Number of protein chains: 2
Amino acid sequence: MTSYDQLHTHFARLNDLYHVGAVAQWDEAAMMPIGGGETRGQALATLDGITHGMLTDSRIGAWAAAAQGESLSTWQQANLREMQRSYHNATCVPADLVERSTLATSRCEQAWRQYRPENNWQAMVPLLENVVALAREEARARSAVTGMALYDTLLDSYEPGMTCAQLDPLFNELKEFLPGLLDEVIERQAQHPPLLPEGPFAIEEQRQVGLEMMRTLGFNFEHGRLDVSHHPFCGGVPSDVRITTRYSNDGFVASLMGVIHETGHALYEQGLPAAWQAQPVGQALSTAVHESQSLIMEMQACRSREFLHFLTPHLQRGFTAAQPQSPVWQEENLYRLFTRAQRGFIRVDADEVSYPLHVILRYEIERELIEGTLEVAGIPEAWDMRMQAYLGLSTAGNYRDGCLQDVHWPAGLFGYFPTYTLGAMTAAQLFAAAKRTAPAVPAQLAEGNFSTLLGWLREHVHGQGKFLDYTALMQRATGEALKSSHFRGHLRARYLEDD
Amino acid sequence: MTSYDQLHTHFARLNDLYHVGAVAQWDEAAMMPIGGGETRGQALATLDGITHGMLTDSRIGAWAAAAQGESLSTWQQANLREMQRSYHNATCVPADLVERSTLATSRCEQAWRQYRPENNWQAMVPLLENVVALAREEARARSAVTGMALYDTLLDSYEPGMTCAQLDPLFNELKEFLPGLLDEVIERQAQHPPLLPEGPFAIEEQRQVGLEMMRTLGFNFEHGRLDVSHHPFCGGVPSDVRITTRYSNDGFVASLMGVIHETGHALYEQGLPAAWQAQPVGQALSTAVHESQSLIMEMQACRSREFLHFLTPHLQRGFTAAQPQSPVWQEENLYRLFTRAQRGFIRVDADEVSYPLHVILRYEIERELIEGTLEVAGIPEAWDMRMQAYLGLSTAGNYRDGCLQDVHWPAGLFGYFPTYTLGAMTAAQLFAAAKRTAPAVPAQLAEGNFSTLLGWLREHVHGQGKFLDYTALMQRATGEALKSSHFRGHLRARYLEDD
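Please read all numbers here as calculations on a predicted model, not as lab measurements.

Cut-offs used in this document
Residues numbered from 1 in each chain as written. Chains lettered and ligands numbered in written order. Predicted model: local features only at pLDDT ≥ 70, side-chain atom pairs only at ≥ 80, totals over all residues. Heavy atoms only, no water. Helix = DSSP H or I, 4+ residues; strand = E, 2+ residues; numbered from the N terminus. Rg over C-alpha atoms; globule rule 2.2 N^0.38 Å. Buried < 20%, exposed > 50% of the residue type's maximum accessible area, 1.4 Å probe, protein only. Contact = heavy atoms within 4.5 Å. Polar contact = N/O pair within 3.5 Å; in protein donor to acceptor, adjacent residues only side chain to side chain. Buried area = accessible area lost by both parts, 1.4 Å probe. Salt bridge = Lys/Arg side-chain N within 4 Å of Asp/Glu carboxyl O. Least-squares fit on C-alpha atoms with pLDDT ≥ 70 in both. Pairing = 2+ DSSP bridges. Axes fitted to C-alpha atoms, helices over the stretch in contact; angles between N-to-C directions. Parallel < 35°, antiparallel > 145°, perpendicular 65-115°, else oblique. Left-handed = near helix turned anticlockwise from the far one by under 90°. Core = buried A, V, L, I, M, F, W, Y, C linked by side-chain atoms within 4.5 Å. Domains from an automatic or database assignment. Arc of directions from axis to C-beta.

Participant: Can you walk me through the overall build of chain A in this structure?
Facilitator: Each helix and strand in chain A was counted, giving 20 helices and three strands. In summary, chain A has a C-alpha radius of gyration of 23 Å against a globular reference of 23 Å for 499 residues, a match within 12%. Taking the principal axes of the C-alpha coordinates as reference, chain A spans close to 70 × 50 × 50 Å. For chain A, the residues scored as buried account for 57% of the 499 residues in total.

What follows is the structure, encoded as structure tokens:
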């Protein structure tokens, strides 16, 4: 057995444990009764400990060094690189720091579930200070090994290779562009506000429409399912992708677009290179690329006029509450409904125009937190100042809908937020490239035909796994590095020029 | 840390891995789409390998030896005994034999899924010969360590301490008694055959009636769920018990009694001693005792006249197809329907009168197979001879409904069959004891009140875990060793004396 083969076997075993962990996590969110939580948490913690032990096994370093001298295919070389990346990421943070962080974030996250509804910022401060202190410690530990800047080390764990130096010019372009655009769009849309469809919308009907759209987009039901959970997500494993949504009787748009968003994630997983399924190189490239796949479906394709043309009769037929003769249920009104821009407090409810402003606000604050130029006590002021500047809204005293709204910081996920907007820009650039290669795509969407689009994504993104890095993938797929111009152009075309 | 504490921690970690394995297995049967099967099988095999490695860790032997000298409570002593039992059971079979058996049974089981519907016995012979050869090898390996008789070593792994010497007199009493009883019962019932309720019975209605009966019996839905699978089972973990059933639109009796049977299993799991949940002593005592808990609910309690009195209005209200005025839907007719005895080929469809004959037939054949006095090629003849003798039916040439009907032998489960009938006898003896202690139980069942019965089982069986061995448990709970007379008395009372 070569050293590479040893690594191959070791990581395949690790992948098998990730598999059972993914099933248990999906089950926890979608199936588990409340009383199962305590033992489930314990079981997953033990499994985590065992996988962490396997991932930091010192033999990996020795095998990897020896494998460098072995004759490897290009995919094997890429796989070796990804194994080493996982190993280094897992070993450069001391085990006791990992343990203290797990404890601190678990406490802080549980407290957040109580204190957010109570709008109790003061009670959160000490817990969050603890989490931030440990995140700073992690960044210092990573930086000491890699030489990277503090915040970059955290960003890198979600988006390998991404740095603030690359991010800042792109985000600055959006900061320049979006507030003015949002004003203009809101004024424009005020002339023709959408009429709201009246429910109730039976959950089983919403589910059937959702399943129909999953089939339309190309979801393979032999390798996945749709269920319900409190927060929609895409979980499971590539051979068995589990997506979830949540339903309300009052409206169908959020649940349907949730299904389509998660289907975008799922199509990426289902399209990963099957031959490398159990190996690191066979996994999805990064958080931003994953988000781009959901946003290509949700934002680029399925809020387009073309797709609304296809969707409208399905909605008219799918809901008992629909009145196909009423102006509410006409294509034009539904398009207005699906592309409405609004100023709001809550990131997860934001439309694609205002969403990046929510992200940039968080990015700027969390970067200062990690770099030590801002303390936890100063978050509300920093938050309110930016909400006023970017979105013209005041969150003074309203922590619940302000800096307490997201689980990310209590959960210790610093460096994650930027990937949402990187994903949106990536989606726009990939979608534009797909349409350049295959100009028929929009007309096909109007017929509910996703085969060309999906084929292009399969070839340029899904099937690549982690073979290429982000820069190379974008270069090959779109002919250029990531730019904000495609995203800006998309927003202008949809929200200002279209009529 | 004492050696006992080391063991405690080690087995708690092992239990955490069993937990995620149990979730993944439940998911495979109840949720997984077909295309997830291959990677799931691989993932579970890796998890099995890791748990097997932990269970055969040589430190266990050393810790256990040292723990003998430590000051332990009686429960800790019992826990130590059960840890040692698990360790010895796992280590007395060589690892390569375990691996060869896993491979052979997995192949044979897959072939069985194809060849049973095809009635193709000849194709099964070589595969089954391989499985039997390995089972004999396992029995020899166990016997070499324990000194036990060959078949006893296999029986012992499902029913610790049980031997053929104890089993044979009990089974002989049933063999004497049941064929004649069955003749008599069938003749008696022919005078008043039950009228068959006509469907279709909507699956959602069946599900609701099933959930209602689960609540009635005392199932705790904060710690469990009801779902659907091809074969009904009780899985999950004690803090989160997952039971399943299957539905047909044509009838509701099988699915409802499936739910009640699995609820009996589930109540045992939910009643295991919570303080010992993660330890060997906190697990269910044995396969037969588990079966006794399902049969107390399904056979003893829920096919009684008293319970049918309670159930009848629920059925009348629960099904759109029910005609409450019709004689079909009266208590007396439903009782006849729920207690109908018939001669049939298929074990899993058998009533409680004929079921033990199916079991004894299998026990006699598999014992000869393991002892080497019968070869695989001789199974059909041995089967047919006993079917004629015990049930008066010929299975000549009909392998599908004869010796190919069960998955147990292809799956290598030799020594399992007797536990079904041990469970039926145990159930009758425990139920009789419960009624002696609490004569109000039958009247309570007529009101759908299971609290006294469940309380008695919680105290005498569920809450004991593996603290007592089978003999001691039966002695304390019923005042005597296992006898066949309670079961025989129950059948006589229900099927001959009642009117």
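Participant: Got a minute to help me understand the environment of Ser229 of chain A in this structure?
Facilitator: All names here are of chain A. Locating Ser229 in the fold gives a position in the loop between β1 (224–228) and β2 (234–237). Residue contacts for Ser229: discarding those within four places in its chain leaves Ala29, Ala30, Thr244, Thr245 and Arg246. Polar contacts involving the side chain of Ser229 include one to the side chain of Thr244, which spans 2.8 Å.

Participant: Even after reading the chapter, I still don't get the interface of chain A and chain B, so can you show me in this structure?
Facilitator: The figure often quoted for interface size is the accessible area lost as the parts come together. Tallying the contact residues gives 32 residues for chain A and 32 residues for chain B. A combined buried area of about 2,700 Å² lies between chain A and chain B, and 62% of that area is made up of carbon and sulfur atoms. In this structure, the connection of chain A to chain B is made through four salt bridges. Among the salt bridges present, the one from Arg40 of chain A reaches Asp240 of chain B, with a minimum N-O distance of 3.5 Å. Elements supplying a minimum of two residues to the side of chain A that touches chain B: α1 (3–30), α2 (37–55), β1 and β3 (240–245) of chain A.

Participant: Mind showing me how you'd approach the relation of the copies chain A and chain B here?
Facilitator: The operation relating the pair of chain copies consists of a rotation about an axis and a translation along that axis. Overlaying chain A with chain B gives an RMSD of 0.0 Å, the required rotation being 180° about an axis along which the chain moves by 0.0 Å. Viewed as a symmetry operation, the transformation between the two copies matches a two-fold axis. Taken together, the interface assignments show that 100% of the residues at the interface of chain A recur at the interface of chain B, consistent with an identical surface on both copies.

Participant: Explanation requested: the pairing of β2 of chain A in the structure shown.
Facilitator: Looking along a regular strand, one sees side chains alternate from face to face of the sheet. Residues and elements named next belong to chain A. Covered by surrounding structure in β2 are Gly235 and Val237 only, the residues Cys234 and Gly236 on the alternate face being uncovered. Across four bridges, β2 lies against β3 in antiparallel orientation. Counterpart to Gly236 in the pairing with β3 is Val241. Connecting the antiparallel pair β2 and β3 is a turn made up of two residues.

Participant: When you look at the environment of Phe310 of chain A in this model, what are you seeing that I'm missing?
Facilitator: All names here are of chain A. If you trace the backbone, Phe310 turns up in helix α12 (residues 305–318). Distance from Phe310 to Leu445, taken between C-alpha atoms, is 7.3 Å for residues 135 residues apart in sequence. If we skip the residues at most four places from it in the chain, Phe310 touches Met213, Thr216, Leu445, Ala446, Glu447 and Gly448.

Participant: Can you help me understand the packing of α1 of chain A against α2 of chain A in this one?
Facilitator: How two helices sit against one another is set out by the angle between their axes and by the gap between those axes. All names here are of chain A. At a minimum axis separation of 10 Å, α1 and α2 run at an interaxial angle of 160°. Between α1 and α2, the crossing angle belongs to the class labelled roughly antiparallel. For the crossing formed where α1 meets α2, the hand is left-handed. For the pair formed by α1 and α2, the contact residues are His10, Phe11, Arg13, Leu14, Leu17, Tyr18, Val20, Gly21, Ala24, Gln25, Asp27 and Glu28 on the first element and Arg40, Leu44, Leu47, Ile50, Thr51, Met54 and Leu55 on the second.

Participant: Please clarify how the nonpolar core should be interpreted in this entry.
Facilitator: Nonpolar side chains in soluble globular proteins generally cluster together in the buried interior. Counting residues in each nonpolar core, the largest one holds 293 residues, and the members touching the most others are Leu315, Ile379 and Leu453 of chain A together with Leu315 and Leu453 of chain B. Here this core gathers at least three residues from each of two domains, domain 1 (1–91) and domain 2 (163–499) of chain B. Filtering out sequence-adjacent residues up to four positions away, Leu315 of chain A remains in contact with Val209, Phe252, Leu256, Ala322, Trp329, Leu334 and Phe338 of chain A.

Participant: Teacher, can you tell me more about the pattern of salt bridges here?
Facilitator: For side chains of opposite charge, pairing can occur when their charged atoms come near one another. With the rule as written, the count across this model stands at 57 salt bridges over all chains. Glu173 of chain A is the partner of Arg488 of chain A in a salt bridge, and the nearest nitrogen-oxygen pair spans 3.9 Å. Remark: Glu173 of chain A occurs in helix α8 (residues 164–190) and Arg488 of chain A occurs in helix α20 (residues 485–497); sequence separation between them is 315 residues. Judged by relative accessible area, which is 32%, Glu173 of chain A ranks as partly exposed. A salt bridge links Asp96 of chain B to Arg100 of chain B; its shortest N-O distance comes to 3.3 Å. One end of the pair is Asp96 of chain B and the other is Arg100 of chain B, both in helix α5 (residues 95–115) and four residues apart, which spans about a single turn. Judged by its relative accessible area of 45%, Asp96 of chain B falls in the partly exposed class. The exposure class of Arg100 of chain B is partly exposed, given its relative accessible area of 37%. Residues joined by salt bridges that share partners form a network here, namely Asp27 and Arg40 of chain A together with Asp240 and Arg242 of chain B.

Participant: Any chance you could explain helix α19 (residues 470–478) of chain B here in plain terms?
Facilitator: Count 3.6 residues to each turn of an α-helix, and residues three or four apart come out pointing the same way. All names here are of chain B. Among the residues of α19, Tyr470, Leu473, Met474, Ala477 and Thr478 are the ones counted as buried. Projected down its long axis, α19 shows its buried positions confined to an angular sector of 95°, all on one face. Each element contacted by the buried residues of α19 is listed here: α11 (287–301), α16 (418–437) and α18 (451–460). Of the residues trailing α19, Gly479 is marked for its positive phi of about 80°.

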